[in-house]
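Descriptive analysis of the structure
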Amino acid sequence: MPEDVLFEFERRMDRAEIADYLRTVADSLERGDPISLEAGGESVTMTPPSRPTFEIKAERETSSSAPEGPGELGLEFELEWEEGEDRSDDGELTID
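Residues numbered from 1 in each chain as written. Predicted model: local features only at pLDDT ≥ 70, side-chain atom pairs only at ≥ 80, totals over all residues. Heavy atoms only, no water.

Looking at an unreviewed UniProt entry, the protein carries the name Amphi-Trp domain-containing protein, with the source organism given as Haloterrigena gelatinilytica.

On to the pairing of strand β2 (residues 42-46), then. Where strand β1 (residues 35-39) lies against β2, five bridges are found, and the strand directions are antiparallel. The residue bridging leucine 37 from the neighbouring strand is valine 44, located in β2. Linking β1 back to β2 in an antiparallel pair, the connection comprises two residues, with glycine 40 at a positive phi of about 55°. (Pairing = 2+ DSSP bridges. Helix = DSSP H or I, 4+ residues; strand = E, 2+ residues; numbered from the N terminus.)

On to helix α1 (residues 15-31). The terminal C-alpha atoms of α1 lie 24 Å apart, and with 17 residues this matches the ideal 24 Å at 1.5 Å per residue to within 8%. Directly beyond the C-terminal end of α1, a positive phi value near 80° is found at glycine 32. (Expected span 1.5 Å × (residues − 1).)

Take serine 28: it is sitting in helix α1. Discounting residues that sit within four places of it in the chain, serine 28 has contacts with Asp33, Pro34 and Ile35. (Contact = heavy atoms within 4.5 Å.)

Here we take up a nonpolar patch on the surface. Taken together, Ile18, Leu22, Leu29, Phe54, Ile56, Leu75, Phe77 and Leu79 make up a surface patch of nonpolar side chains, about 690 Å² in accessible area. Elements supplying a minimum of two residues to the nonpolar patch: α1, β3 (53-61) and β4 (72-80). Mapping phenylalanine 77 onto the fold places it in strand β4. (Patch = residues over 30% accessible without salt bridge, like charges linked within 9 Å, V, L, I, M, F, W, Y side chains within 5 Å. Areas by Shrake-Rupley, 256 points an atom, 1.4 Å probe, with all protein chains shown as cover. Salt bridge = Lys/Arg side-chain N within 4 Å of Asp/Glu carboxyl O.)

All right, on to the pattern of salt bridges then. For side chains bearing opposite charge, pairing can occur when the charged atoms are close. Applying the stated criterion across every chain, the model contains three salt bridges. For glutamate 17, the salt bridge goes to arginine 11, with nearest N and O atoms at 3.6 Å. Judged by relative accessible area, arginine 11 falls into the partly exposed class, the value being 48%. With a shortest N-O distance of 3.4 Å, arginine 23 and aspartate 20 are connected by a salt bridge. Taken together, the residues span about one helical turn, with arginine 23 and aspartate 20 both in helix α1 at a distance of three residues. Taking the relative accessible area as the measure of exposure, aspartate 20 reaches 45% and is therefore partly exposed. (Buried < 20%, exposed > 50% of the residue type's maximum accessible area, 1.4 Å probe, protein only.)

Turning to its location among the elements, phenylalanine 54 is positioned in strand β3. C-alpha separation for the pair phenylalanine 54 and tryptophan 81, spaced 27 residues apart in sequence, amounts to 9.1 Å.

Looking now at the layout of surface pockets. A probe as big as a water molecule, rolled over the atoms, marks out the empty space that is left. The calculated volume of the second largest pocket comes to roughly 170 Å³. Around the second largest pocket, the lining residues are Arg12, Glu59, Glu61, Glu72, Leu73, Gly74 and Glu76. Counting residues per element, the ones that place at least two in the lining of the second largest pocket are β3 and β4. When residues of the lining of the second largest pocket are assigned to their parent elements, the largest contribution, four residues, is made by β4. Along the lines of polarity and charge, the residues of the lining of the second largest pocket split into one nonpolar, one polar and five charged. (1 Å grid on protein atoms, 1.4 Å probe; cavity = no way out; pocket = protein on both sides within 12 Å on 5 of 7 lines; lining within 4 Å. Points joined across faces, edges and corners; volume = space filled by probe spheres on them. Nonpolar A, V, L, I, M, F, W, Y, C, P; charged D, E, K, R; others polar.)

Printed below as a string of structure tokens:
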């Protein structure tokens, strides 16, 4: 399925700043409020359903020319849902 990027933002920040943004998203999710993103003249507002799919990915990216060398580490959090659909799946996750 082709991807249409509605909003994108990337910048180095202190961990405390990142935590503040994540807390704001978490608070909106908990209340069931829409989540609005705005930066650089771009904006988007989305309202996740009550049970979106939650994906966490921890990855290490390496250069194809030096696959055993040092890489870039990443931690991605993603919420996904079908437009107009509110589905439920079961499963457990622990984050320490």
